[in-house]
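Letter by letter, the chains look like this.
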Amino acid sequence: NFYMEPLKSKIESLLFAAGRPLTSAKIANLVGVKQDAVRKILTELQEEYAVRAGGTRLLESEGDWQVGSAPENAEVIGKFLQEELSGELTRPQLETLTIIAYRGPISKQEIEHIRGVNCGLILRNLAMRGLIESEEDKTAKIPRYHITLEFLRHMGLSKIEDLPDFERLHTHQVLIEASQAPGHQTV
């Protein structure tokens, strides 16, 4: 079916770009088709990934769909992740972590507005290290990132307010203005 091929491509791209599980309802909303059509395509993609027997699979758990690594590659992926998570933080990671520490909870869009670059992979890496986590903002329906107790432990702090100049920088007008992406409200 000619119509289904571009739709399948869009769905696969969404799953790849998301970097987190998506429901078929969310995907249907994003691509503008009925959920049944999305479920059919997801099942087809899952079969294609399995038949191809490459390094990725389309995983489904309780209605959430995500592109993931093939189970037979778990050892090499584990080695890579352990290396990634135990290495030093990069400058972009430190910048992003600093923004979250001083302005959190903050959305990905607000962080990207301040930094001027896409931060998806950085946020994912910081979350995997246990330094940040996200919670869905119930009113805006978007995730907002904040630092974790693990971050505080690594920094030797008992509370976030113990960061140097926290009060001044947390409420600093330049940071507040910079974190206000068009159409978004500051927390």
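Given the structure is predicted, the values throughout are model-derived calculations rather than measurements. (Residues numbered from 1 in each chain as written. Predicted model: local features only at pLDDT ≥ 70, side-chain atom pairs only at ≥ 80, totals over all residues. Heavy atoms only, no water.)

### Quick word on the packing of helix α6 (residues 108-115) against helix α7 (residues 120-128)
Across the interface, α6 lies against α7 with an axial gap of 11 Å and an inter-helix angle of 120 degrees. When the axes of α6 and α7 are compared, the pair comes out oblique. You can see that α6 and α7 cross each other, and the crossing is right-handed. The segment α6 lies against α7, with K108, I111, E112 and R115 engaging G120, I122 and L123. Each residue belonging to the contact of α6 with α7 can be placed in one class, and the counts come to 3 nonpolar, 1 polar and 3 charged. (Axes fitted to C-alpha atoms, helices over the stretch in contact; angles between N-to-C directions. Helix = DSSP H or I, 4+ residues; strand = E, 2+ residues; numbered from the N terminus. Parallel < 35°, antiparallel > 145°, perpendicular 65-115°, else oblique. Left-handed = near helix turned anticlockwise from the far one by under 90°. Contact = heavy atoms within 4.5 Å. Nonpolar A, V, L, I, M, F, W, Y, C, P; charged D, E, K, R; others polar.)

### Section: the nonpolar core
Ranked by size, the top nonpolar core spans 21 residues in total, and within it I100, I111, I147, F151 and I160 carry the most contacts. Listing elements by their share of this core, those giving two or more residues are α5 (91-103), α7, β6 (142-147) and α8 (149-155). It is α5 that provides the largest number of residues to this core, a total of 5 residues. Ignoring sequence-local partners within four residues, the contact set of I160 consists of A101, I147, F151, L152 and F166. One finds L7, V31, L42 and Y49 within the second-largest nonpolar core, a separate group that totals 15 residues. (Core = buried A, V, L, I, M, F, W, Y, C linked by side-chain atoms within 4.5 Å. Buried < 20%, exposed > 50% of the residue type's maximum accessible area, 1.4 Å probe, protein only.)

### Describing the sheet that holds strand β1 (residues 22-23)
Reading across from one edge, β1-β3-β2 is the order of the 3 strands in this open sheet, with antiparallel pairing throughout. Each having just a single partner strand, β1 and β2 (56-61) make up the two edges of the open sheet. Each of β2 and β3 (64-69) touches helix α3 (residues 35-52); the most contacted strand, β2, lies at about 140 degrees to it. (Pairing = 2+ DSSP bridges.)

### Description of the sheet that holds strand β5 (residues 132-137)
In a beta sheet, neighbouring strands pair by backbone hydrogen bonds and run either parallel or antiparallel. What the 3 strands build is an open sheet, ordered β4-β6-β5; its pairing is antiparallel. The sheet is open, and its two edges are formed by β4 (106-107) and β5, each paired on a single side. Of the strand pairs in this sheet, β5 and β6 are connected by 6 bridges, and their pairing is antiparallel. Residue pairing in the sheet places D137 in a bridge with I142 of β6.

### Re the pattern of salt bridges
If charged atoms from side chains of opposite charge come close, those side chains can pair. Evaluation of the coordinates by the stated rule reveals 12 salt bridges. Residues E44 and K8 are paired through a salt bridge, measuring 3.1 Å at the closest nitrogen-oxygen approach. Placement of the pair is E44 in helix α3 and K8 in helix α1 (residues 4-18), with a sequence separation of 36 residues. Assessed through its relative accessible area of 8%, K8 is described here as buried. Here R115 and E95 are joined by a salt bridge, their closest N and O atoms 2.9 Å apart. (Salt bridge = Lys/Arg side-chain N within 4 Å of Asp/Glu carboxyl O.)

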